[in-house]
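# Results of the structural survey
As a plain string of letters, each chain reads:
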Amino acid sequence: MTIRESILPTRSDIRAAQDRLDHVAVRTPLLRFPVLDERVGATVLVKPENLQRTGSFKFRGAYNRLSLIPEEKRKAGVVACSSGNHAQGIAEAARLFSMPATIVMPSDAPAIKLKRTRDFGARVVTYDRATEDREAIAARICADTGGTFVHPFDDPGVIAGQGTVGAEIAAQSRDQGLVPDMVIACTGGGGLSSGIALALQSDLPECVFHTSEPAGFDDYRRSLTSGHREKNGALGGSVCDALLSETPGALGFRILRACAGEGYVVSDSQALEAVAFAFTELKLVVEPGGAVALAALLSGQADVAGKIVSVVLTGGNIDPDVLSRALDT
């Protein structure tokens, strides 16, 4: 068992991450929209992490994890695997720490994510997600460079950084005099979801956390039902590119198995409808994978009538043609 698979982060780790991220990450607001409240019959508190540095929540975990790398190891750089949002978070965090970064990305990743990762200063190595093993490629790069590998979700430092989203939801909702009955977040490997759930367990113990995933990639919903980590049958094929993990992370699953409620699953068309709703009604640009929690609300899958619910919009790095497709639906 590796270190990353054996050590669970704690609320104190999230608190330390908050200190590290202070004045570096954006403390995104908790927003209300009458049009959304009326549409779903609930009080909805929207956490727009699409407004975060690099366009997604991933910067939080990336910066926190890189801050834990000892000074003497930083010159060797950092290596990561990502379909795009973790890539950008790592690339920007590495730039801030003056560290070289190499990111292994699928060749079919959205063009905007490939370009922005390079623009942040990282070296991008592409691979075929259907035939090649990205972690094996990353391991070879680490062996050649001596760099530190940072997993996109199965790492306690990453989870602690993402958990600051949950800590902020708890504090900001209290400031508004509105304590959520439930929180829904888009879920891939589970780094964000487990971090949020961990923070809520301490800060809002009566609040229930729920995952939301794209159809065909609902490994968390199935895993939480069966009690063990399930795998998805496909490696690609959904418009929700940010959420196409093969199986739940070992750490995230251990956390969510203990404290998550029912999981939701949405279709690609429902995700695109949520992208269009966010753009036209909320005036927010959100990518499909970042909109599946909102889609769970809009589709009626989540029973929220009369409740206070917080929804996390996890990213806004969307290709213009995908946004156009969403608006045409």
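In what follows, the structure referred to is the one given above.
Notes on the structure follow. (Residues numbered from 1 in each chain as written. Predicted model: local features only at pLDDT ≥ 70, side-chain atom pairs only at ≥ 80, totals over all residues. Heavy atoms only, no water.)

### Let's talk about the overall build of the protein
A count of helices and strands for the protein gives 15 helices and 9 strands. In summary, the protein has a C-alpha radius of gyration of 18 Å against a globular reference of 20 Å for 329 residues, a match within 12%. Summarising its shape, the C-alpha atoms of the protein cover approximately 55 × 45 × 40 Å along the three principal directions. Out of the 329 residues belonging to the protein, those deemed buried represent 61%. Partitioning the intrachain contacts of the protein with sequence separation of at least 6 by distance along the chain shows that 74% fall at a separation of at least 24. Total accessible area on the protein is roughly 12700 Å²; 50% of this is exposed by carbon and sulfur atoms. (Helix = DSSP H or I, 4+ residues; strand = E, 2+ residues; numbered from the N terminus. Rg over C-alpha atoms; globule rule 2.2 N^0.38 Å. Buried < 20%, exposed > 50% of the residue type's maximum accessible area, 1.4 Å probe, protein only. Contact = heavy atoms within 4.5 Å. Areas by Shrake-Rupley, 256 points an atom, 1.4 Å probe, with all protein chains shown as cover.)

### Focus: the packing of helix 4 (residues 58-67) against helix 9 (residues 156-175)
For any two helices packed against each other, one specifies the inter-axial angle together with the distance between the axes. Relative to each other, helix 4 and helix 9 sit at 135°, their axes nearing to 7 Å. Of the possible angle classes, the one that applies to helix 4 and helix 9 is oblique. Both helix 4 and helix 9 take part in a crossing whose hand is right-handed. The residues of helix 9 that touch helix 4, namely those facing Lys 58, Arg 60, Gly 61, Asn 64 and Arg 65, are Gly 157, Val 158, Ala 160, Gly 161, Gln 162, Thr 164, Val 165 and Glu 168. Its residues assigned to classes, the contact of helix 4 with helix 9 comprises 3 nonpolar, 6 polar and 4 charged. (Axes fitted to C-alpha atoms, helices over the stretch in contact; angles between N-to-C directions. Parallel < 35°, antiparallel > 145°, perpendicular 65-115°, else oblique. Left-handed = near helix turned anticlockwise from the far one by under 90°. Nonpolar A, V, L, I, M, F, W, Y, C, P; charged D, E, K, R; others polar.)

### Considering the nonpolar core
Judged by nonpolar contacts, the single largest core of 40 residues is most densely connected at Leu 36, Val 44, Leu 294, Leu 297 and Val 309. Contributions of two or more residues to this core are made by helix 3 (34-40), strand 1 (43-48), strand 6 (182-186), strand 8 (264-266), helix 13 (268-280), helix 14 (292-298), strand 9 (308-313) and helix 15 (320-327). With 7 residues, helix 14 is the largest single contributor of residues to this core. Excluding residues within four positions of it along the chain, Leu 36 makes contact with Val 44, Val 46, Phe 277, Leu 282, Leu 294 and Leu 298. Grouped together as the second largest cluster of nonpolar side chains are 27 residues, Val 78, Ala 91, Ala 109 and Phe 120 included. (Core = buried A, V, L, I, M, F, W, Y, C linked by side-chain atoms within 4.5 Å.)

### Section: the pattern of salt bridges
What the rule picks out here adds up to 16 salt bridges. One salt bridge in this structure joins Asp 37 and Arg 32, with 2.6 Å as the shortest N-O distance. Close ionic contact of Arg 60 with Glu 168 constitutes a salt bridge, the shortest N to O distance being 2.9 Å. Note that Arg 60 is positioned in helix 4 and Glu 168 in helix 9, a separation of 108 residues in sequence. One salt-bridge network, in which partners are shared between bridges, spans Lys 47, Glu 49, Arg 60 and Glu 168. (Salt bridge = Lys/Arg side-chain N within 4 Å of Asp/Glu carboxyl O.)

Structural measurements only, silent on function.
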